[in-house]
Amino acid sequence: MDTSVPNKSSKQNNMVTKMVSLNRYRESLHQLQSIWDNLSLLGQLSGTGTDMNETRLAFSQVTNNVLDSLAEETLNKTVTAITVKAQVAVDIVVRNLFERTADIGFLATDDNVSGFLIKHAEDMADDDDYEALKDRFKEYVKKYSVYFNIVLLDLEGNVLVQLDENNPISVIHDPLVQESIHTEAAYIEVFRKTDLLPNQDVGLVYAFRVTRDNSNEALGVLCLCFRFKNEMEGVFAELITQQEWAVGLLLDQDGRVIASSDSYQIPIGAKLEKAGDADWIITRFAGREYLAVTKHTKGYQGYMGPGWIGHAMIPLEHAFDDDISSIINNIDNKLLKKVMRSPLLFSQTLLEIPKQAATIQSKLNQSVWNGNIWQKRNSNGLAHQTNFSKMLLWEISNTGFKTQHVIEKTVSDLYQTVVSVMLENSRFFASLAVDIMDRNLYERANDCRWWALTATFQQLLSKPKITDHDKANIARVLVYINNLYTVYSNLVVFDKQGEILAVSNSSYQHFVGTTMDAEWVNRTRSLRSSQDYVVSKFEPSPLYKNQPTYIYSAAIRAENNQVVGGIGIVFDSTPQFSAMLEDSLPRDANGEPIIGSFTLYVDGDQQVISSTMPAFKVGSQFTLQAHLCKLAPGEAAFDIAIYEGRYYAVGARASSGYREFKGPEDAYQNPITALIFIPLGIAAEIDAIIEAEYAFQHNQFKPTTTNASAENAEEFATFYVGNQWLGLPATQVIEAIQTNQIKSLPDTSSILEGIMQHQGKVIPVVNLARAIGAPEDNTPTDSKQVVVIQRTAESSHFGILVNALGEIPAIVLESIEPMATIFANANTTTEGITKVESDNGQHNLLVVISAESLWNKIIEAHKLLEAGEQLPDIPLPALES
């Protein structure tokens, strides 16, 4: 039995040697191969009548198929896991940086910044102006904590104001100054060594010119310094646990590491081999082999980032460490067994492997069964030879069962590996969905608080009387902001009584002058500081066409810090949440969402916030897999669910916030759970496969190593017809053979199944189920067997069609209860019944049939067929076990 891995490169062979579970099975099969070799030789020497060559070759082919498939799926599991890490590592950062490109453009238009530069140009800026602008920068960074420094430069690169007092610069000569002044783009983005950040090897900076109102005259350059290292630490912490050996990386276009989840394994600045167009590569770094994948960003809303590349690596010796059983330990075993038979997950070839192994074992059992029959008929009283042959036949059958068991266990691991990939994917993508949402809503919490500090709003709302002209100015600013930030459906500014003064969306102009009594408005008036904000419940709002949404709000304050009103920003929840969920769906090899998968956001009251499945309407209650909606913040889980006749892998992750948003010190704590449903199969299809497999009967024969020692004991050859266990004296049996040579007869109601050739003679074949009145089953004839019978040494042979072969027990003849003592007028093929003790101590009822009666039925049936008559019913007496 060849258990090598053919047609593999040396690198791939080396990789396969790292697959612990695969090698465990291969070792078991190697040991069994040695046993098969010995048994084959002994079988030839002993003359047991059992040829094992076909069986060995069949087991070998199935074994190689299943080992190759397990190796492929084991590799696929690891590659899938590190691929999504590499993809998300780059995509989640690009999403974040997209927001930064908007920040620089908006902050560069801030009146406080341009006002300071105008004063500075006129040599009128004093220390108070400097401190005021610095305080404003502090306020900005307190909200948008992704930045650690803000630097304002004049047109020559002189530092006018910067937030980080520990940054020892007074002037910079970096070309980004002139680029920012003259660019036609909306921003300048650099990631390199810059004298703007002398204490860092590289820095990520966003810069743009500050201009005079209503002109393109440059006054200076504003720079936002991004907390790149800090951000990547957070990204990698979400992607890779401390227990994992995988390393998450960002590479520049030259393949140099710019961020690493484990700089001790893969340091910053190292140049790595990229996978290129390959799905994966085996690469060497620092004397160690790694499995690696490389992924380019998909971009976000047309923004492709700074050209970075996602990369993930895992040491080859730890690439396949996962204990699959621990992953699926908490999954309902019945559901797991069903999805492990799904044609959606497995090819027909893989699904057929257990059946192939069982069929091979069944044929082996037939050979051993025939060997026992042959020994019985040809022992010539040589007890020692018979005992040796029985021992050998028992060992052959037992080795077959061991081989079948190893194959079935290997296939089970194969199936579980595939299912575990789906389950882990569902959990991962649920985590991605909730992370995208938290990061997005972090920006919303920042926006409302920062815009509440807009000087125009503060000044105009502080006036004793707000004129229509003032309201128009407020509306102009709101429209400007909303045009830049399209994630909002509407922006509203209201006074301290809750009266709407201006809106950004003209569709809601009729609300201007009306007073809002929403609870979030009342809470806004009670906010204590510029860091505080409130969020409405997810509920229908007239400011969002009476559809459910979140409204983020912050207080607008006068110079004396008194609340004079507030700003409410209406999140465009329907398309925005839908886009987040769509971006979180698992994808196929072509980048398309997996057909049938769907995802949802559900709040703490199990209300649907958003869904890609129309059946789960926004605002409806979500009751499917309710336990997954009650996870602790940051907790993730998965399960298998059945919905609308389909099985799904369901992943869930509870929101835990991003940075300060929903953090321990944030008063806003709104539990949200993301759920991902990945289809595993159609229940009806799976049930049909299982039912068909259950209906298929294999030979159950397990030979005994002992002879009939009791006086008047005789061995009986047994077999199954449906659930009926039948038998007759072993001396009357020639052998069991396959059914592929049966020629059918025209009358299907006859007990005669047909005729076939055996040892050069044509013999009739009895359909034993019809002969004994047992219910007909749907098992194909080619999966059944024919037991060839000879009533006496001189009589003709005939065959009986049975489902499967059974044991060959030794039965004391006096223990057989004759049918005549049970039924006075018994007209049946049954001779008697007896109870036989099995290996587990249970007593099973064996029906002893009469070969003579069967032969008489054949003669009777033949006469009826010649006469064109129908056969009468031949009942089997109801017997109690």
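Everything numeric here is computed off the predicted structure, so don't read it as measured data.

Engineer: What's the story with the packing of aromatic side chains in this structure? I'm lost.
Structural biologist: Considering all chains together, one arrives at 36 aromatic pairs under this definition. Here a set of aromatic residues connected by ring pairs shows up, and it is made of F598, F616, F622, Y643, Y648 and F677. For R24, the ring lying beneath its charged end belongs to Y25, and the centroid distance is 5.6 Å.

Engineer: Sorry, what's going on with the nonpolar core here?
Structural biologist: As a rule of thumb, nonpolar side chains are buried together in soluble globular proteins. Counting residues in hydrophobic clusters, the biggest one holds 166 residues, and the most contacted among them are L152, F228, W451, Y552, F577 and Y601. For this core, the leading source of residues is helix α11 (residues 383-451), giving 26 residues. Contact partners of F228, with chain neighbours within four places excluded, come to F191, L204, L250, I258, A259 and W308. Core analysis: the next-biggest nonpolar cluster, separate from the first, contains 33 residues, F719, V802, I849 and L854 among them.

Engineer: Teacher, can you tell me more about the sheet that holds strand β10 (residues 309-315) here?
Structural biologist: The strands that make up a sheet are held in pairs by hydrogen bonds between backbone atoms, and each pair lies either parallel or antiparallel. Read across the sheet, five strands follow the order β7-β6-β10-β9-β8 without closing on themselves; strand pairing throughout is antiparallel. Each edge of the open sheet is held by one strand with a lone partner, namely β7 (257-260) and β8 (281-285). Direction aside, neighbouring strands of the sheet carry axes that sit 35° apart on average. Taken strand by strand, helix α3 (residues 53-107) contacts β6 (247-251), β9 (288-296) and β10, and its axis lies near 50° from that of β9.

Engineer: Which parts of the structure should I look at to understand the state of the cysteines?
Structural biologist: Covalent bonding between the sulfur atoms of two cysteines is what defines a disulfide. The full count for this structure, using the stated rule, is zero disulfides. Here C223 stays free of any disulfide, with the sulfur of C225 as its closest cysteine sulfur at 6.5 Å.

Engineer: Explain the packing of α3 against helix α10 (residues 348-378) to me, please; I cannot follow it from the model alone.
Structural biologist: Pairs of packed helices are described in terms of their axes, by the angle between the two and the distance that separates them. As a packed pair, α3 and α10 sit with axes 10 Å apart at the nearest point and diverge in direction by 160°. In terms of orientation, α3 and α10 fall into the roughly antiparallel class. Like other packed secondary-structure pairs, α3 and α10 cross with a definite hand, here left-handed. Counting all contacts with α3, which are made through T55, A58, F59, V62, V66 and S69, the residues of α10 involved are L350, I353, Q356, A357, I360, Q361 and L364. Of the residues that constitute the contact of α3 with α10, the class distribution is nine nonpolar, four polar and no charged.

What counts and what doesn't
Residues numbered from 1 in each chain as written. Predicted model: local features only at pLDDT ≥ 70, side-chain atom pairs only at ≥ 80, totals over all residues. Heavy atoms only, no water. Phe/Tyr/Trp six-rings, centres within 6.5 Å; stacked < 30°, edge-to-face > 60°. Lys NZ or Arg CZ within 6 Å of the ring centre and 35° of its normal. Core = buried A, V, L, I, M, F, W, Y, C linked by side-chain atoms within 4.5 Å. Buried < 20%, exposed > 50% of the residue type's maximum accessible area, 1.4 Å probe, protein only. Helix = DSSP H or I, 4+ residues; strand = E, 2+ residues; numbered from the N terminus. Contact = heavy atoms within 4.5 Å. Pairing = 2+ DSSP bridges. Axes fitted to C-alpha atoms, helices over the stretch in contact; angles between N-to-C directions. Disulfide = S-S within 2.5 Å. Parallel < 35°, antiparallel > 145°, perpendicular 65-115°, else oblique. Left-handed = near helix turned anticlockwise from the far one by under 90°. Nonpolar A, V, L, I, M, F, W, Y, C, P; charged D, E, K, R; others polar.

Note that all results are geometric; they support no functional claim without further evidence.
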